[in-house]
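The primary structure of each chain is shown beneath.
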Amino acid sequence: AVRFANGKLQHPDSLSFTVYRNRDTAHPRKRHRRILVSETERLCYVGHNFGSEVMKCNSLCRYFVGVLDKNSGQMEVYNAEIFNMQPLLSGGRCWESQVLGCFVLLIPALFPWHGARTVPSLVHAERDSGRGEHNCSCGRSSGFCVLLGGCTGCLNVCSCPVQMDLCIEAFGTSKQKRALSSRRMNAVGNDIVNTAVTKAAANVIDAKGVTALMQDMAQDDVQNISAFLPPCHEDADRPEHVYKFEDILSPAEYEALQVPAAALANITAEEMAKRAEERSHCSFVLEELKFLPTDEKRRDHKARCLWFLDTLIKFSHLKVIKKKHPMGPECPHIISRKLMKNFTSLTYNDGSIQNLVSASMKAKITAYVIALALHINNFQTDLTVLQNDMKLPESRILDIAKALRLRVSKAKGVPGMENDENHKLGTLSLPLPMQKAPEGQRKRKKMN
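Residues numbered from 1 in each chain as written. Predicted model: local features only at pLDDT ≥ 70, side-chain atom pairs only at ≥ 80, totals over all residues. Heavy atoms only, no water.

If you check an unreviewed UniProt entry, the chain appears there as RPA49 polymerase from Pomatorhinus ruficollis. According to the UniProt record, the Sequence similarities (unreviewed entry) comment for the chain reads "Belongs to the eukaryotic RPA49/POLR1E RNA polymerase subunit family." Of the comments in the UniProt record for the chain, the one headed Subcellular location (unreviewed entry) reads "Nucleus, Nucleolus". (UniProt positions renumbered as here; feature names shortened; annotations may be inferred.)

**Q** Run through the pattern of salt bridges, naming residues and quoting values.
**A** Going through the model one piece at a time under the given rule, you end up with 8 salt bridges. Notably, a salt bridge pairs Glu394 with Lys424, separated by 3.5 Å at the nearest N-O pair. One end of the pair, Glu394, is in helix 14 (residues 394–403); the other, Lys424, is in strand 17 (residues 423–427), with 30 residues separating them in the sequence. In this structure Glu394 comes out as partly exposed when scored by relative accessible area, which is 32%. (Salt bridge = Lys/Arg side-chain N within 4 Å of Asp/Glu carboxyl O. Helix = DSSP H or I, 4+ residues; strand = E, 2+ residues; numbered from the N terminus. Buried < 20%, exposed > 50% of the residue type's maximum accessible area, 1.4 Å probe, protein only.)

**Q** Before we move on, could you go through the environment of Lys364 and cite the residues and values that matter?
**A** Within the secondary structure layout, Lys364 lies in helix 12 (residues 359–376). With relative accessibility at 15%, the residue Lys364 sits in the buried group. The sequence separation of Lys364 and Leu229 amounts to 135 residues, and the corresponding C-alpha distance is 6.1 Å. Beyond its immediate chain neighbours, meaning those up to four positions away, Lys364 contacts Phe228, Asn342 and Phe343. (Contact = heavy atoms within 4.5 Å.)

**Q** Please provide a residue-by-residue account of the environment of Thr344, values included.
**A** Among the structural elements, Thr344 can be located in the loop between helix 11 (333–342) and strand 13 (345–349). Distance in space between the C-alpha atoms of Thr344 and Lys364 is 9.6 Å, their sequence separation being 20 residues. Residues contacting Thr344, with those up to four places away along its chain left out, are Phe315, Ile321, Leu339, Asn355, Leu356, Val357 and Met361. Polar contacts involving the side chain of Thr344 include one to the main-chain carbonyl oxygen of Met340, which spans 2.4 Å. A polar atom in the side chain of Thr344 sits 3.1 Å from the side chain of Asn355. (Polar contact = N/O pair within 3.5 Å; in protein donor to acceptor, adjacent residues only side chain to side chain.)

**Q** Explain the environment of Arg304 to me, using residue names and the numbers behind them.
**A** You can see Arg304 is positioned in helix 10 (residues 296–316). For the pair Arg304 and Gln258, spaced 46 residues apart in the sequence, the C-alpha separation amounts to 6.6 Å. Not counting the four nearest positions on each side in its chain, Arg304 is found in contact with Tyr254, Glu255, Leu257, Gln258 and Ala261.

**Q** How would you sum up the packing of helix 12 against helix 13 (residues 383–390)? Please name residues and give values.
**A** At a closest axis distance of 11 Å, the pairing of helix 12 and helix 13 adopts a crossing angle of 140 degrees. On the basis of their axis angle, the class for helix 12 and helix 13 is oblique. Crossing handedness for the pair helix 12 and helix 13: right-handed. Facing helix 12, whose interface residues are Lys362, Ile365, Thr366, Val369, Ile370 and Ala373, helix 13 presents Leu383, Leu386 and Met390. A class-by-class count of the residues in the contact of helix 12 with helix 13 yields 7 nonpolar, 1 polar and 1 charged. (Axes fitted to C-alpha atoms, helices over the stretch in contact; angles between N-to-C directions. Parallel < 35°, antiparallel > 145°, perpendicular 65-115°, else oblique. Left-handed = near helix turned anticlockwise from the far one by under 90°. Nonpolar A, V, L, I, M, F, W, Y, C, P; charged D, E, K, R; others polar.)

**Q** How would you explain the packing of aromatic side chains if you had to name every residue and give the values?
**A** Counted according to the given criterion, the structure contains 2 aromatic pairs. Ring centres 5.8 Å apart and planes at 85 degrees place the aromatic pair Phe245 and Tyr254 in the edge-to-face group. On the basis of relative accessible area, Phe245 is assigned to the buried category, the value being 15%. The interplanar angle of 80 degrees and the centroid separation of 5.3 Å between the aromatic rings of Phe343 and Tyr368 together place this pair among those described as edge-to-face. Residue Phe343 is located in the loop between helix 11 and strand 13, and its partner Tyr368 is located in helix 12; the two are separated by 25 residues in the primary sequence. Overall, the relative accessible area of 10% leaves Tyr368 in the buried class. Arg304 extends its terminal NZ or CZ atom over the ring of Tyr254, reaching a point 4.6 Å from the ring centre. Residue placement shows Lys364 over the ring face of Phe343; its charged tip is 5.7 Å from the ring centre. (Phe/Tyr/Trp six-rings, centres within 6.5 Å; stacked < 30°, edge-to-face > 60°. Lys NZ or Arg CZ within 6 Å of the ring centre and 35° of its normal.)

**Q** Describe in detail the sheet that holds strand 17, supporting the description with residues and values.
**A** Pairing is antiparallel across the open sheet formed by 3 strands, whose spatial order is 15-17-16. Strands with a single pairing partner mark the edges of an open sheet, and in this sheet they are strand 15 (380–382) and strand 16 (407–411). For this sheet, the mean inter-axis angle between neighbouring strands, taken without regard to orientation, is 30 degrees. Across 3 bridges, strand 15 lies against strand 17 in antiparallel orientation. Residue pairing across strands places Asp382 opposite Leu425, the latter belonging to strand 17. (Pairing = 2+ DSSP bridges.)

**Q** Describe in detail unusual backbone geometry, supporting the description with residues and values.
**A** Put simply, Leu430 and Pro431 share a cis peptide bond, and its omega is -5 degrees. Tracing the chain through its elements places Pro431 in the segment after strand 17. Phi angles above zero are rare outside glycine, and Arg405 is one such case at about 70 degrees. Looking at the secondary structure, you find Arg405 in the loop between helix 14 and strand 16.

Below, the structure is given as structure tokens:
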């Protein structure tokens, strides 16, 4: 059973049909594939029962055809499929479908043929061989084509864009005509933009030269990295002035940490053991709490720094900030506002604006954590411990440490910690090493 996509037939008796089946009869799916070819006096049609454009009705229900024997009065019932017949236009572009060379003639004729030109034939085009190559009229090299009643086109039945556009101009709806006009305007606009961009790029290269452009790109990379780092004072005469403490915590923020940090300053050995068992704090903070100074002022200062560092690390583990106070009610309002303003990016999702701790923001948090750890540990800190606390790959934290102008060396970690024999130590010392942009993905070592 067939239906024609572009109209209704007035004289169905004059049609001629040919069916082709797939050569691969052993394949469970391919053996059922069929191509139906039809021809009228004006157009050729092709339909198939496979591919993305196949009709869904064949898979949803079954169809039957009954043949009545007038002499005996009995009817024989056969399984049937509905083929959607598409017009075959010459000079079109190829469908993304199967190759007709995989099919063989199944039924020579279902209806009488009229004239010699109506017999379909398969024309094989030798691809990439010395016997020649057949090029489709659409301009693409095609392995197999079908010749139907004088109309030649690629097997995957051709549908010429130019001819389709002409049909839309003549018979299309208003919406189709507007879409066609918009597509043509966009094509012209893209050509103009591409030409202008190419010309502008050539002028810039001629004016500055390739070497100068490469240097500008390297400088831009360094500036992009610096946007996520604490302010660096390269002319400082002491390490503590390179990344000033006031750039990490303002005086007002530092003052607000007095109340929440008091619990750390007055912590006892029993409480410390309990918090270590409960993992209430990160490994870096738990280790530094063992070495709090006895001097009250210095002890309070270190406790405030450790509390803020622990809060930064916990904040970096969040994804989308949904609460007004994500770090809990004990976190001072000025600190919560600092975290939301400086270490999150705004995103639009589900009709609302949300605060997101993106990958770039996590890198920024890591840079501030390292800078604060340097102030806590006399400008030398164990990067491996911070890496484990922040759940980062080693290459990531090393890139950030090098961007902070630290000198990285190998050292033994604290006994009892994970990988205590292979830790990376970051040291801030003067003069500062030259800043370099990260080299991107590291090359894999070749295995001999």
